[in-house]
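Now for the letters of each chain:
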Amino acid sequence: MAAHVHERPLGGAILTPAFKFLLALCGVWVLLVLVRLVWGLNGPFGYDTLLGVSAQSDGYAWGIWKPLNVVTFTGISAGAFAIGLLTYGFNKGEYHPLVRSAVMAGAMGYTLGGTSIMIDLGRYWNLWVIFVPSWLNWNSVLLEIALCVLAYTLVLWVEVAPSILEKLQASATPATAARAKGILGGLKKVMPFVISLAILLPTMHQSSLGGLFMVAHTKTHPYWHTGWLPALFLMTCLTMGFGAVVVIENLTTIAWGKKLDQALLARVSVVPAYILVAYIVIRVADVFWRFRDPVILARFESMGSPLFYGAFFLLELVLFGVAAAMLFNRKLRENRGTLFGAGLLLLFSGALYRFDTYLVAYQPGAGWKYFPTPLEILFSITLAAIGVTVYVLFVKLFPILSGVEATTAPGGQKSAASH
Amino acid sequence: MKISRRNVLKGLATAGVAATAASLPVAADAREGYQVQADDVGMLFDSTLCVGCRACQTACKVRNKLVTDTRETQGGVYDAPLDLNGNTKNVIKIAQDGSATTYMKMQCMHCVDPACISVCMAGALHKVAGGITAYNAATCVGCRYCQIGCPFNVPKYEWQKSLPIAEDPKIVKCELCRHDQRGPACCEVCPRGAVIYGKRADLLKEAQRRVKASPGKYAEDRVYGEIDGGGTNVFYLSPADVSFKALGLPTLPREPLPALSENVQHTTYTLGIAPIALFTALTVVQLRNRGKGEQGHKEEK
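Note that the structure is a prediction, hence the values are computed from the model and not measured.

A.B. asks: Would you mind showing me how to read the environment of Leu 209 of chain A here?
C.D. replies: Residues and elements named next belong to chain A. As for its position among the elements, Leu 209 is in helix H6 (residues 174–211). With 24 residues separating them in the primary sequence, Leu 209 and Phe 233 have C-alpha atoms 7.0 Å apart. With near-sequence residues (within four places) excluded, Leu 209 lies in contact with Val 71, Thr 74, Ile 145, Phe 233 and Tyr 358.

Here it is, written out as structure tokens:
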């Protein structure tokens, strides 16, 4: 086995113009949160106005913040899950250089997803009730998600901790260094258990994120409503995770000129292709199987707009299919540009499936419409900006990225502004 | 070394297959769910009797101390809710089916086995005596999953409220006036007896009697709510020319709506076997591989 490539901090100036721009976006997010806290989820002017904080209503009780900030962000974060499963579960040590970056992105994604849920809760001050065992309703898929996501977010930060501790170990203050070394030693002992949790927990809640809509039989279009929702969400969260690893590796390389192990990325990218084939087979077979049932057919008729729903259903399948085909083609996946494209496609197709299930397929009844307000979209964008900000800060300060030359330390003049 | 790794991978694969298999939609009838109880109460709404006077709407607002809704009349003199909302637990609407019209009274259906209760994280929505689906804001976090789960779109949220000072936002829905000994105000004031209150069993008998007495008078010659979605405690009769669907009542499967998700959930997590198996397998794999890796390359400090 090749010598382990050690991760290094990028170093370089932190307060670059791009970073200041990101900070400004973070500030906008704080303002939006304040408006939401004072005037409620619709803001001072109501849900059906251009200035609404969100367009959520009694019909569409969940808007884009759930499928985007929670389900898509954590789907992107599933890079930590996907790479962790390969590296540790299947003992593919060669993928180790990808782990820390993926885990860092994962920790941020989950922290933001969790934050978004809490801001979206109408009665957030009551959240403590989900920790009172005797009150809990274990039938609730959402409860499983809430507890599991909270636990996993903690686990991810524990996984990030070694990077920080390694840096502290080199501290000039001997006491701090000794302390960091001690904690690091302890962490190393429990790490296998932490990593097992880091694979088990996302298996549980990423499937449940699809399972949420199993209860909404009559409101979710039959193309999407199935008992296979958990399995399908689990599979696509893995494909999104692999896509995220490819995309983030490329973006950090573009931004900071670190070395990119294209051969390694190409090798790992075959895995999502196989998952997608399984996904497409199950997805199509399931629709054919369920549509034999006259009740399902009647529901399909009564929900109307067959072309609209059919178009989204087919678009999903085509995107998944193209992504799989690209990744199976050796030439395409070994080329940096096309693999980057395939990675983006993995992210986009998985995100589309999530948006479709949560919003496109959802039909609460006659008369209800939903389209996110500008501020609602801005909330999501600025929330993502926080993630990029913290990620950039961490990779500059702590040993997270691999392929960073020791000599390129003062490099970071450009940073990834868009993400 | 090769052999032991293969064994370990086999173990992992087995656990993986077990976990996946457990998460598949098997029709295991492990779930009991809520059943009809002898003292369950409910309502019967006979649309052929309703004249749309909306006395029930007003009485509901008075007894439940709900604010008037004048949005549609731009702050005018009419309390004119368009639908159930944060100020309105009961509403009369016109239902149209082709050229035929009738009146529809909307409020909570008090399902026998409600989806809203199944999805509620800490029992803010729960069953109380009489089979009433009740709401307790003290354990409600405002996630609004009940609004997603309810097939009748009944639970409403107070969107205009925010801060937890006096005016904190709550979920609003009919609780059959359980706070008042007189029972539901809507049934008390209805001048035509279009909506009546009573024991679920008696109401069902009465509704069935009406259907039987006048064949062809009622839609589908049946009572909505007897079996729909596992049954509801509020029953509906619709004139023959206005379908239940036009009335706003969805076509539901016979089995309760929460059955699918609860079965999948329970099968997956029975006694925590699948998660524990997966966790154990993963840990064993790592500990073994770590032992092997120690002589080779030094990984992650």
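So much for the structure itself; the text now carries on.
A.B. asks: For this particular structure, what's the right way to read helix H1 (residues 17–39) of chain A?
C.D. replies: What sets the pattern is the α-helix's 3.6 residues per turn: residues three or four places apart point alike. Residue and element names in this part refer to chain A. Its 23 residues give H1 an end-to-end C-alpha distance of 33 Å, which sits within 8% of 33 Å, the value for a rise of 1.5 Å per residue. Where H1 is buried, its residues touch helix H4 (99–120) and helix H14 (374–397). Phi turns positive, to about 95°, at Gly 40, one or two residues after H1.

A.B. asks: How should I be thinking about the side chain of Thr 203 of chain A in this particular structure?
C.D. replies: The topology assignment puts Thr 203 of chain A in helix H6. Those residues in contact with Thr 203 of chain A that lie beyond four places of it in its chain are Phe 81 and Leu 234 of chain A together with Leu 278 of chain B.

A.B. asks: Any chance you could explain the sheet that holds strand E1 (residues 41–46) of chain B here in plain terms?
C.D. replies: Hydrogen bonds along the backbone pair up the strands of a sheet, which may run parallel or antiparallel. All names here are of chain B. Reading across the sheet, the 3 strands line up as E8-E1-E9 and stay open at both edges, with mixed pairing between neighbours. A strand with exactly one partner marks an edge of an open sheet, and here the two such strands are strand E8 (195–199) and strand E9 (234–237). Here the average twist between neighbouring strands, direction ignored, is 20°.

A.B. asks: Would you take a moment to explain the interface of chain B and chain A for this structure?
C.D. replies: The figure often quoted for interface size is the accessible area lost as the parts come together. Each side of the interface is counted separately: chain B has 71 residues, and chain A has 76 residues. The junction of chain B with chain A conceals about 6,400 Å² of combined surface from both sides, 60% of it contributed by carbon and sulfur atoms. Interface area lost by chain B to chain A is led by Met 121, Ile 148 and Trp 159 of chain B, which between them contribute 12%. Linking chain B with chain A are 2 salt bridges, by the criterion used here. Here Arg 144 of chain B and Asp 120 of chain A are joined by a salt bridge, their closest N and O atoms 2.9 Å apart. In this assembly, chain B and chain A are joined by 38 residue pairs in polar contact (both at pLDDT 80 or more). At the level of elements, helix H1 (2–23), helix H3 (115–119), helix H4 (145–149), strand E6 (156–157), helix H8 (259–269) and helix H9 (273–293) of chain B are the ones that each hand at least two residues to the side of chain B that touches chain A.

A.B. asks: Sorry, what's going on with the side chain of Ser 269 of chain A here?
C.D. replies: If you trace the backbone, Ser 269 of chain A turns up in the loop between helix H8 (262–268) and helix H9 (270–290). Of note is the side chain of Ser 269 of chain A, whose polar atom sits 2.6 Å from the backbone oxygen of Leu 265 of chain A.

A.B. asks: Quick question: what am I supposed to make of the pairing of strand E3 (residues 100–106) of chain B here?
C.D. replies: All names here are of chain B. Summarising burial for E3: 5 of the 7 residues are buried, a large majority. With 7 bridges connecting them, strand E2 (residues 91–97) and E3 associate as antiparallel partners. Residue pairing in the sheet places Ile 94 in a bridge with Tyr 103 of E3. From the end of E2 to the start of E3, which pair antiparallel, there are 2 residues, and Gly 98 there has a positive phi angle of about 65°.

A.B. asks: Sorry if this is basic, but what is going on with the packing of aromatic side chains here?
C.D. replies: Each aromatic ring pair is described using two quantities: the centre-to-centre distance and the angle formed by the ring planes. Residue and element names in this part refer to chain A. Tallying each qualifying case throughout the model produces 32 aromatic pairs over all chains. Judged by centre distance (5.0 Å) and plane angle (85°), the ring pair of Tyr 274 and Phe 328 falls under edge-to-face. With a gap of 54 residues between them, Tyr 274 in helix H9 and Phe 328 in helix H11 (residues 306–328) connect regions that are remote in the sequence. Overall, the relative accessible area of 34% leaves Phe 328 in the partly exposed class. An angle of 65° between the planes, with centres 5.1 Å apart, marks the rings of Phe 308 and Phe 312 as edge-to-face. Taken as a pair, Phe 308 and Phe 312 lie in helix H11 at a separation of 4 residues, close to a single helical turn.

A.B. asks: Help me understand the packing of helix H5 (residues 141–169) of chain A against H6 of chain A in this model?
C.D. replies: Packed helices, taken two at a time, are described by the angle their axes make and the gap between the axes. All names here are of chain A. Running from amino to carboxyl end, H5 crosses H6 at an angle of 150°, the nearest separation of the two axes being 7 Å. Here H6 runs roughly antiparallel to H5, going by the angle between their axes. Once H5 is placed against H6, the crossing between them reads as left-handed. Of the residues that constitute the contact of H5 with H6, the class distribution is 26 nonpolar, 5 polar and 4 charged.

A.B. asks: Please explain the nonpolar core as it appears in this structure.
C.D. replies: One broad trend across soluble globular proteins is that nonpolar side chains are buried collectively. Counting residues in each nonpolar core, the largest one holds 185 residues, and the members touching the most others are Tyr 152 and Leu 212 of chain A together with Tyr 145, Phe 152, Tyr 236 and Leu 249 of chain B. The biggest single contributor to this core is helix H7 (residues 229–256) of chain A, with 12 residues. Counting 9 residues, the second largest nonpolar core, distinct from the first, contains Leu 204, Tyr 218, Val 223 and Phe 235 of chain B.

A.B. asks: Would you explain unusual backbone geometry in this entry?
C.D. replies: When glycine is set aside, most residues are seen to have a negative phi, and most peptide bonds are trans. Even without being glycine, Asn 91 of chain A reaches a positive phi, approximately 50°. Inspection of the secondary structure assignment puts Asn 91 of chain A in the loop between helix H3 (79–89) and H4. Judged by relative accessible area, Asn 91 of chain A falls into the partly exposed class, the value being 22%. Positive phi, close to 50°, is recorded for His 110 of chain B, a residue that is not glycine. For His 110 of chain B, a relative accessible area of 0% gives the class buried.

So, how was this worked out
- Residues numbered from 1 in each chain as written.
- Chains lettered and ligands numbered in written order.
- Predicted model: local features only at pLDDT ≥ 70, side-chain atom pairs only at ≥ 80, totals over all residues.
- Heavy atoms only, no water.
- Helix = DSSP H or I, 4+ residues; strand = E, 2+ residues; numbered from the N terminus.
- Contact = heavy atoms within 4.5 Å.
- Expected span 1.5 Å × (residues − 1).
- Pairing = 2+ DSSP bridges.
- Axes fitted to C-alpha atoms, helices over the stretch in contact; angles between N-to-C directions.
- Buried area = accessible area lost by both parts, 1.4 Å probe.
- Salt bridge = Lys/Arg side-chain N within 4 Å of Asp/Glu carboxyl O.
- Polar contact = N/O pair within 3.5 Å; in protein donor to acceptor, adjacent residues only side chain to side chain.
- Buried < 20%, exposed > 50% of the residue type's maximum accessible area, 1.4 Å probe, protein only.
- Phe/Tyr/Trp six-rings, centres within 6.5 Å; stacked < 30°, edge-to-face > 60°.
- Parallel < 35°, antiparallel > 145°, perpendicular 65-115°, else oblique.
- Left-handed = near helix turned anticlockwise from the far one by under 90°.
- Nonpolar A, V, L, I, M, F, W, Y, C, P; charged D, E, K, R; others polar.
- Core = buried A, V, L, I, M, F, W, Y, C linked by side-chain atoms within 4.5 Å.

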